[in-house]
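This is what each chain is made of:
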Amino acid sequence: MTLGTIAELTGAGLEGDPDVEITGVSAAETARRGDLVFLDGDGKAAPQISAETSALIVNEANIHNVPDGMPRLVSALARHYHGVVSYALFHPRHETWSGETLISPEASVHPTAIVSPGATVGPGASIGEGTVIGSNAVVGPGVQVGRHCRIGSGASLVCALLGDHVRLLAGARIGEPGFGVTAGPSGQEDVPHFGRVILQDRVTIGANSCIDRGMFDDTIIGERTKIDNLCQVAHNVVFGRGVVMAAFGGISGSVRVGDAARIGGRVGIADHVRIGEGVNLAASSGVFRDIEPGETWGGTPAKPLRQWMREVAWLQKHANAKKTT
C-alpha cells in the first residue's frame, strides 16, 4: 500500500509524500523501513520513534512528537485506523482450523510424541520428541512445541513457541489476543495482536492460567519460571529466569519482571512497571511503580515491607484505641 491509498481508506489527513510504500505495521520504537506506526494519547510524554519508521498515523495531541520531515496521517482515531491498516495489509491470523483429520497432514509430529484422543494439531505446527499432548488439547496452526513437553487436557496454544520440557496444566490458554481496546467510529473496538508467546525451557504454567500473545513484539516467559493456577499474564510482558508466581496473580501489559522474582498470591501489577531481580511481593500487593532489585514490598499501593508493616501496625493501634474509649 502507499500512504495515499491508506489516507483514502481511513479518511485521515495526509502530510507528506503520498507515494511512500507501506509494507508492515509495528510499534514506534521497533519500526523498520516500510512500517506504519501510531501515536495516540495526550502527547505529553515524548515517545521513542525508530529512525527507520516510514510513516506515522497520529492524533492532534501528538503531532509535535513526530520527527521533522517524517510523513504522517492525522486522525482522532489513530489507534483504530492503524488496526484497520493492519488487517488490510495482512490476512487475520487463523487461530483455528477445520479439517477432515484431527492432526493436519501439514503438521510435523515426532514419531515418539503422543497425541491423545480428541487433541488437534493444526497445519504447520510441530511437536517435538517425547512430547505428550493431552486429550482435547488444541495446538494451533504454526505452533512449535519442543521436546519432552507435557500439554494438559483441554489446554490450547496459538501463536506460540515452546522450548523443551515445558509443562502446561489442564485448561491453560497460551497465545490468545491481549486486552487491546481502542475507540472506533462506532464505539470500542478490539485491536489486532501479531506477536507470539515464547515459553522457554522448563517453564510450568498452571491450570486455567492465561498467557496473552504480544501486540507487535512477543510475550516472553523465561526458563524455569513457574506460574500457578488461575493467573493472568497480559500482552508484551517479559519474565526473566526462575520467576515464581502464585495463584490468582494478574500482570498488566508490558511489565518487565527480573530473574528470580517471587510474586505472591493475588498480586496485581500495573502496566509498564519494572520489577527488579530477586524482588519479593507479598500476597495481595498492588504494584503501581517500579521496584529496585532485591527489595521486598507489600500492601496496596505496594511499598517497602517495613514501611507497610509500620503503617498497618499504626492503623491497628489507633483503631483499637478508639474502641476502648
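Here, every reference points to the structure presented above.
Residues numbered from 1 in each chain as written. Predicted model: local features only at pLDDT ≥ 70, side-chain atom pairs only at ≥ 80, totals over all residues. Heavy atoms only, no water.

Q: Run through the overall build of the protein, naming residues and quoting values.
A: Each helix and strand in the protein was counted, giving 3 helices and 36 strands. On the principal axes, the C-alpha backbone points of the protein span a range of 75 × 60 × 35 Å. Relative to its full complement of 325 residues, the protein shows a buried share of 47%. Counting only carbon and sulfur atoms, one obtains 52% of the accessible surface of the protein, whose full area is about 15900 Å². (Helix = DSSP H or I, 4+ residues; strand = E, 2+ residues; numbered from the N terminus. Buried < 20%, exposed > 50% of the residue type's maximum accessible area, 1.4 Å probe, protein only. Areas by Shrake-Rupley, 256 points an atom, 1.4 Å probe, with all protein chains shown as cover.)

Q: Before we move on, can you summarise the nonpolar core with the specific residues and values?
A: Leu168, Leu199, Phe239, Ile263 and Ile269 are the most contacted members of the largest nonpolar core, which has 50 residues in total. For this core, the secondary-structure elements that each account for two or more residues are strand 15 (160–162) and strand 20 (197–199). Each residue touching Phe239, except ones within four places of it in the same chain, is listed here: Ile220, Ile221, Gly222, Thr225, Ile227, Val233, Met245, Ile251, Val257 and Ile263. Counting residues in hydrophobic clusters, the runner-up holds 20 residues, among them Val25, Phe38, Ala78 and Val191. (Core = buried A, V, L, I, M, F, W, Y, C linked by side-chain atoms within 4.5 Å. Contact = heavy atoms within 4.5 Å.)

Q: If you had to explain the side chain of Thr53 to someone new, which residues and values would you point to?
A: The topology assignment puts Thr53 in the loop between strand 3 (35–39) and strand 4 (55–58). Ignoring any residue separated from it by four or fewer positions in sequence, one finds Thr53 in contact with Ala28, Ala31, Arg32, Asp35, Val37 and Met70.

Q: Any chance you could break down the pattern of salt bridges for me, citing the residues and the numbers?
A: Counting across every chain of the model gives 5 salt bridges. Of the charged contacts, one joins Arg147 and Asp164 as a salt bridge, the two residues approaching to 2.7 Å between their closest N and O atoms. One end of the pair, Arg147, is in the loop between strand 12 (144–145) and strand 13 (150–151); the other, Asp164, is in the loop between strand 15 and strand 16 (167–168), and 17 residues separate them in sequence. (Salt bridge = Lys/Arg side-chain N within 4 Å of Asp/Glu carboxyl O.)

Q: Quick one: what's the story with helix 1 (residues 3–10), residue by residue and with numbers?
A: One turn of the α-helix equals 3.6 residues, which is why residues spaced by three or four share an orientation. Where helix 1 is concerned, the buried positions are Leu3, Gly4, Ile6, Ala7 and Thr10. Projected onto a plane normal to the axis of helix 1, the buried residues spread over an arc of 160° and lie on a single side. On its buried face, helix 1 sits against strand 1 (13–15), strand 3, strand 4, strand 5 (72–74) and helix 2 (78–89). Directly beyond the C-terminal end of helix 1, a positive phi value near 75° is found at Gly11. (Arc of directions from axis to C-beta.)

That is the geometry; function is a separate question.
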